[in-house]
Amino acid sequence: MTTPPKDPHHVVIVGAGFGGLEATFALAGAPVAITLIDRRNHHLFQPLLYQVATASLATSEIAWPIRYLLRDRREVTTLFANVNSIDAEGSRVVLDDGDSVPYDTLILATGARHDYFGHDEWEPFAPGLKTLEDATTLRRRILVAFERAERETDAARRAALLTFVIVGAGPTGVEMAGTIADLARDTLAPDFRNIDTHKTRVVLIEAGSRVLAGFPDELSTYAQRSLEKLGVEVMLGAPVTECDADGVVYGGNRLEARTIIWAAGVRASRAAEWLNAPADRAYRLQVNPDLTVPGHPDIFAIGDTVTIAGPEGKPVPGIAPAAKQEGRYVASLIKARLEGRTLPPFRYKDQGSLAQIGKRLAVIDFGWLKLRGAIAWWIWGIAHIYFLIGIRNRLSVALSWLWIHARDQRAARLITQGSSKVAR
Ligand SMILES: Cc1cc2nc3c(=O)[nH]c(=O)nc-3n(C[C@H](O)[C@H](O)[C@H](O)COP(=O)(O)OP(=O)(O)OC[C@H]3O[C@@H](n4cnc5c(N)ncnc54)[C@H](O)[C@@H]3O)c2cc1C
């Protein structure tokens, strides 16, 4: 059993993603001991994962060791461990090796994963994008497909190798589609001899009626047109009904494709299940207005693993700023409680939505201001660099983007996790 300090008040935070890390930062100076538990040893900047998957950035440019980020916080103990359940009666977090960690206050910030809408058997054929491993797996599949096509003599098989399907046209799907189109058209074209990478098909399939459904209509229309100019085939109102190693069926059509990328659904972590708490259809825990779990005033849940109504009754979106705001709120409420005070309920402040389309365009919706095109891309780039951690990463990412912008070179074009003998 892990024995953390008994006194002062012990806060255990599960998950060092956007929500958990922000709560840890915001508890600085409070009279608490903190144990931060994560099953990965790094904090990951998920908004740029697709850039690792498309060989634009290296893994170390968007991830940081959690232990390093908290090295100056003597009151914070970082544990590299997988939480398996919560013993709410005994106020303990149970790890998968049976070890347990006691808490006075618990914050669950365990995020979400992709969801295959009841078709988990599709996952091996259509991996999603959530972790660094997912990103490097996709990078390998994308680059290997071009390598295979280079020595494929059968025209149909070559076409299938050069067909990339992205399922789901939210921000991740749009960003993946635009970047793969750029990769094929600009970066790879001069390097191959037997294939014309301009003939690559990038097919973005969406069950709904428009791309970027969370954005206003005019920005969706602009994003679709911009993708089509990049050569992306946008298929709307066409749910995928089959998916296998050789392709997909969507809207009744079969499409042969050796690379399929899943960007369609989200399923919350097991936090609601751990506490037998009420959850929505995406397994998101339905928290109280102060982000406590119903029936458990000493347990908070934040970020992608919860659902809570925002302004105008609409659910707070599953995005990084929301998780961070919730993390900050919970830290303030814990501090207030320790001083015998309380706080008004959590209020979400919408800070806008951004999505990149290919390497030079973006759309931005600040509510009061809607931007698109190159100007939006510059703001998108500056915002993302600002939110990265540390000067070295900011400089490194800025330089990588400058190189892509000016020279069409993507430095992270490495096939790892296997040789040319690997099947997929
Ligand atoms: C590809 C992609 C692109 C995105 N793009 C954007 C974007 O452009 N803008 C934006 O605002 N948002 C974006 N998001 C969403 C954003 O990343 C999430 O909303 C945000 O990460 C949620 O923060 P969180 O703290 O709830 O969860 P996460 O950041 O996912 O962190 C959860 C943490 O919990 C840990 N964990 C989970 N289960 C356990 C367990 N059992 N035991 C121990 N540790 C555990 C995980 O390892 C992880 O570190 C994107 C997400 C993805 C996947």
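Residues numbered from 1 in each chain as written. Predicted model: local features only at pLDDT ≥ 70, side-chain atom pairs only at ≥ 80, totals over all residues. Heavy atoms only, no water.

Draft legend 1. Region of interest: the side chain of K130. Its location among the elements puts K130 in the loop between strand 10 (112-114) and helix 4 (132-150). Despite being buried, K130 has no salt bridge partner; D304 is the closest side chain of opposite charge, sitting 4.1 Å away. Side-chain polar atoms of K130 contact the side chain of Q46, separated by 2.8 Å. Contact partners of K130, with chain neighbours within four places excluded, come to L44, Q46, L49, A112, R113, H114 and D304. (Helix = DSSP H or I, 4+ residues; strand = E, 2+ residues; numbered from the N terminus. Buried < 20%, exposed > 50% of the residue type's maximum accessible area, 1.4 Å probe, protein only. Lys, Arg positive; Asp, Glu negative; His and termini not counted. Salt bridge = Lys/Arg side-chain N within 4 Å of Asp/Glu carboxyl O. Polar contact = N/O pair within 3.5 Å; in protein donor to acceptor, adjacent residues only side chain to side chain. Contact = heavy atoms within 4.5 Å.)

Draft legend 2. The environment of I302, seen in detail. Assignment of secondary structure puts I302 in the loop between strand 21 (296-301) and strand 22 (306-307). For the pair I302 and P278, spaced 24 residues apart in sequence, the C-alpha to C-alpha distance is 14 Å. In this structure, I302 is in contact with G19, G20, I107, L108, A109, L291, A323, E326, G327 and V330, ignoring residues within four places of it in sequence.

Draft legend 3. Inspection of the packing of helix 1 (residues 18-26) against helix 9 (residues 320-338) at higher detail. Contact geometry for helix 1 and helix 9: axes closest at 7 Å, N-to-C directions at 35°. You can see that helix 1 and helix 9 cross each other, and the crossing is right-handed. Here helix 1 contributes F18, G19, E22, A23 and A26 to the contact with helix 9, which in turn contributes A320, A323, K324, G327, R328, A331 and K335. A class-by-class count of the residues in the contact of helix 1 with helix 9 yields six nonpolar, two polar and four charged. (Axes fitted to C-alpha atoms, helices over the stretch in contact; angles between N-to-C directions. Left-handed = near helix turned anticlockwise from the far one by under 90°. Nonpolar A, V, L, I, M, F, W, Y, C, P; charged D, E, K, R; others polar.)

Draft legend 4. Just the sheet that holds strand 12 (residues 201-205), in detail. Read across the sheet, four strands follow the order 13-12-11-17 without closing on themselves; strand pairing throughout is parallel. The open sheet has two edge strands with one neighbour each: strand 13 (232-235) and strand 17 (259-262). Ignoring strand direction, the axes of neighbouring strands in this sheet form an average angle of 20°. Here strand 11 (residues 163-167) runs beside strand 12; their pairing, made up of five bridges, is parallel. (Pairing = 2+ DSSP bridges.)

Draft legend 5. Region of interest: the environment of R394. As for its placement among the helices and strands, R394 is situated in helix 11 (residues 391-407). Along the chain, R394 and H384 lie ten residues apart, while their C-alpha atoms are 8.9 Å from each other.

Draft legend 6. Summary view of the nonpolar core. Counting 117 residues, the largest nonpolar core has V93, L108 and L285 as the members making the most contacts within it. Sort the elements by how many residues they give to this core and helix 9 lands first, with eight residues. Discounting residues that sit within four places of it in the chain, L285 has contacts with A271, A272, L275, A277, P278, A279, V293, P294, A301, T305, V306 and T307. (Core = buried A, V, L, I, M, F, W, Y, C linked by side-chain atoms within 4.5 Å.)

Draft legend 7. Region of interest: the pairing of strand 24 (residues 361-365). For strand 24, the tally of buried residues reaches four of five residues, placing the bulk of the element in the interior. In this sheet, strand 24 lies alongside strand 23 (residues 353-357) in antiparallel orientation, the contact comprising five bridges. In the sheet register, I357 faces strand 24, and the bridge partner there is L361. Taken together, strand 23 and the strand that follows it, strand 24, pair antiparallel across an intervening segment of three residues, in which G358 is found at a positive phi of about 65°. Relative to strand 25 (residues 370-373), strand 24 runs antiparallel, the two sharing four bridges. Considered in strand 25, the bridge of V363 is made with R372. What sits between strand 24 and strand 25 in their antiparallel hairpin is a turn of four residues, with G367 showing a positive phi close to 85°.

Draft legend 8. Seen up close, the site of the ligand. Neighbouring residues of the ligand: 28 residues in total, closest G19, D38, Q46, V83 and D304. R39 is positioned with one of its backbone polar atoms (N or O) 3.2 Å from a nitrogen atom of the ligand. For the ligand, a nitrogen atom lies 3.2 Å from a polar atom in the side chain of N82. Summarising the interface, the protein chains cover 89% of the accessible area of the ligand, which totals 1000 Å² for the free molecule. Elements that contribute at least two residues to the shell around the ligand include exactly helix 1 and helix 9. A per-element tally of the shell around the ligand places helix 9 first, with three residues. Among the residues forming the shell around the ligand, the class breakdown is 13 nonpolar, ten polar and five charged. (Near = heavy atom within 4 Å. Areas by Shrake-Rupley, 256 points an atom, 1.4 Å probe, with all protein chains shown as cover.)

Draft legend 9. Representation of a nonpolar patch on the surface within the structure. On the surface, L399, L402 and W403 cluster together into a nonpolar patch covering about 320 Å² of accessible area. Of note, W403 is situated in helix 11. (Patch = residues over 30% accessible without salt bridge, like charges linked within 9 Å, V, L, I, M, F, W, Y side chains within 5 Å.)

Draft legend 10. The packing of aromatic side chains, seen in detail. A complete count under the given rule lists eleven aromatic pairs for this structure. Judged by centre distance (5.2 Å) and plane angle (25°), the rings of F146 and F164 are stacked. Taken together, the positions of F146 in helix 4 and F164 in strand 11 put the pair 18 residues apart, joining distant regions of the chain. Following the ring pairs from residue to residue traces out a cluster consisting of Y116, F117, W122 and W262. (Phe/Tyr/Trp six-rings, centres within 6.5 Å; stacked < 30°, edge-to-face > 60°.)

Draft legend 11. Examining helix 10 (residues 374-387) more closely. Its 14 residues place the ends of helix 10 20 Å apart at the C-alpha level, agreeing with the 20 Å of an ideal helix rising 1.5 Å per residue. Regarding helix 10, the residues found buried are A376, W377, W380, G381, H384 and I385. Looking straight down helix 10, one finds that the buried residues subtend no more than 165° of arc, so they occupy a single side. Exposed side of helix 10, more than 90 degrees from the buried face: I382 and Y386 are the residues found there. Those residues of helix 10 that are buried are in contact with helix 2 (49-53), helix 6 (171-187), strand 23, strand 24, strand 25 and helix 11. (Expected span 1.5 Å × (residues − 1). Arc of directions from axis to C-beta.)

Draft legend 12. Main features of unusual backbone geometry. Residue S91 is not a glycine yet carries a positive backbone phi of 50°. Structurally, S91 is set in the loop between strand 6 (83-87) and strand 7 (92-95). The backbone of F117 shows a phi angle near 50°, a positive value even though the residue is not glycine. Tracing the backbone shows F117 in the loop between strand 10 and helix 4. Residue classification places F117 among the exposed positions, given a relative accessible area of 54%.

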